[in-house]
Amino acid sequence: MGVSTSPSKKGPEKNGVAVITVDYPPVNALPVDGWFALADAVRAAGRDPDVRCVVLTAEGRGFNAGVDIKEIQARGQSALVGVNRGCFEAFAAVYECEVPVVAAVQGFCLGGGIGLVGNADVIVASEDATFGLPELDRGALGAATHLARLVPQHLMRALYYTSRTATAAELHAHGSVWRVVPRGELLSAALELAAEIAAKDGELIRLAKSAINGIDPVDVRRSYRFEQGFTFEANVSGVADRIRDTFKKTGQLSQETGQTVGEGA
């Protein structure tokens, strides 16, 4: 359990691809330490001179269910501050990774998961993948910055206000998902693309990543940090606690993840 890094091929067959795998059962709702561990793993892989592309993947039913709400409820504001900082670092690490990052997404990709894939360079998704921000139902705000990188502006607002999800096929139609494949072919499809990217010259691919980031019209770090201020305001005002308490008491199952409400956001 946790975050692990491995080469896609070993020995003389090494192809310059590092695979970072997230595994936090049951739904990959990451605790504070998990977000920082993911940030560290991505930054370390990007610094490795032998790595020219990173594949970000996850074990289990879904790619990511966001933050661990139960940890926030148990630890209060210290966990809230920690997870805000952890998410900020993890999202930034993906965006600023010195080499391209390919996200391999299966099942649900919610909340913080959107922050990760929205900052990735390329997304490969399984046919059952769904993407959304249920933040308003969880007493939180944030990652609209990253959802706006996946869908057009007005659709982003509709998804954000309603907490609805979009399918991998829908995102593919919008051009933000590279390929949609059967679930059993997800990792191989992501590795195939990553190997094609990693076949480029290592120095040039790093320059290309810096150049592309440099022409982005939105500063994703500052934009997301602005959003986080409203999350903290919702907590200080008591609105977030009221919504999370209601959310926890319902005991309903999330349609996207199949987990009991309160396990992730």
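What you are looking at is a predicted structure, and each value in this text was computed from that prediction instead of being measured.

About the criteria used
- Residues numbered from 1 in each chain as written.
- Predicted model: local features only at pLDDT ≥ 70, side-chain atom pairs only at ≥ 80, totals over all residues.
- Heavy atoms only, no water.
- Pairing = 2+ DSSP bridges.
- Helix = DSSP H or I, 4+ residues; strand = E, 2+ residues; numbered from the N terminus.
- Axes fitted to C-alpha atoms, helices over the stretch in contact; angles between N-to-C directions.
- Contact = heavy atoms within 4.5 Å.
- Salt bridge = Lys/Arg side-chain N within 4 Å of Asp/Glu carboxyl O.
- Buried < 20%, exposed > 50% of the residue type's maximum accessible area, 1.4 Å probe, protein only.
- 1 Å grid on protein atoms, 1.4 Å probe; cavity = no way out; pocket = protein on both sides within 12 Å on 5 of 7 lines; lining within 4 Å.
- Points joined across faces, edges and corners; volume = space filled by probe spheres on them.
- Nonpolar A, V, L, I, M, F, W, Y, C, P; charged D, E, K, R; others polar.
- Core = buried A, V, L, I, M, F, W, Y, C linked by side-chain atoms within 4.5 Å.

## Let's talk about the sheet that holds strand β2 (residues 17-23)
Strand order in this open sheet of 6 strands is β1-β2-β3-β4-β6-β9, and the pairing throughout is mixed. The outermost strands of the open sheet, each flanked by one partner alone, are β1 (2-7) and β9 (179-181). Across the sheet, the axes of successive neighbouring strands diverge by a mean angle of 20°, strand direction being ignored. Of the pairings in the sheet, the one linking strand β6 (residues 122-126) to β9 comprises 3 bridges and is parallel in character. In the sheet register, V124 faces β9, and the bridge partner there is R179. Sheet contacts for helix α1 (residues 32-47): β1, β2 and β3 (53-58); angle to β2, the most-contacted strand, approximately 175°.

## Section: the pattern of salt bridges
Throughout the structure, instances matching the rule amount to 9 salt bridges. Linking R149 and D216 is a salt bridge whose minimum nitrogen-to-oxygen distance equals 3.5 Å. Highlighted residues: R149 in the loop between α6 (144-147) and α7 (153-162) and D216 in the loop between α10 (202-214) and α11 (220-237), separated in sequence by 67 residues. Taking the shortest distance from any N to any O, the salt bridge between R179 and E192 comes out at 3.7 Å. Placement of the pair is R179 in strand β9 and E192 in helix α9 (residues 186-198), with a sequence separation of 13 residues.

## Quick notes on the side chain of T21
Along the polypeptide, T21 turns up in strand β2. Once you skip the residues sitting within four places of it in the chain, T21 turns out to touch G2, V3, S4, T57, A58 and E59.

## Some details on helix α4 (residues 112-119)
Along α4, 8 of the 8 residues are buried, which leaves the element largely enclosed by surrounding structure. By the burial criterion, the buried members of α4 are G112, G113, I114, G115, L116, V117, G118 and N119.

## Some points on the layout of surface pockets
Of the voids in this model, the largest pocket is the one considered here, and its volume is about 460 Å³. Counting residues per element, the ones that place at least two in the lining of the largest pocket are α4, β6 and α10. At 5 residues, the largest contribution of residues to the lining of the largest pocket is made by α10. For the lining of the largest pocket, the per-class residue count stands at 13 nonpolar, 5 polar and 4 charged.

## Quick look at the nonpolar core
Side chains of a nonpolar character, in soluble globular proteins, are inclined to be buried together. Among the nonpolar cores identified, the biggest contains 56 residues, and W35, L38, L56, V105, L116, V117 and F131 are the most heavily contacted of them. Tallying contributions element by element places helix α3 (residues 77-96) first for this core, with 8 residues. When neighbours within four sequence positions are excluded, W35 is seen to be in contact with L30, N64, G66, V67, V83, G86, C87, A90, F91, G112 and L116. Residues V17, C53, V55 and I205 belong to the second largest nonpolar core, which totals 16 residues.

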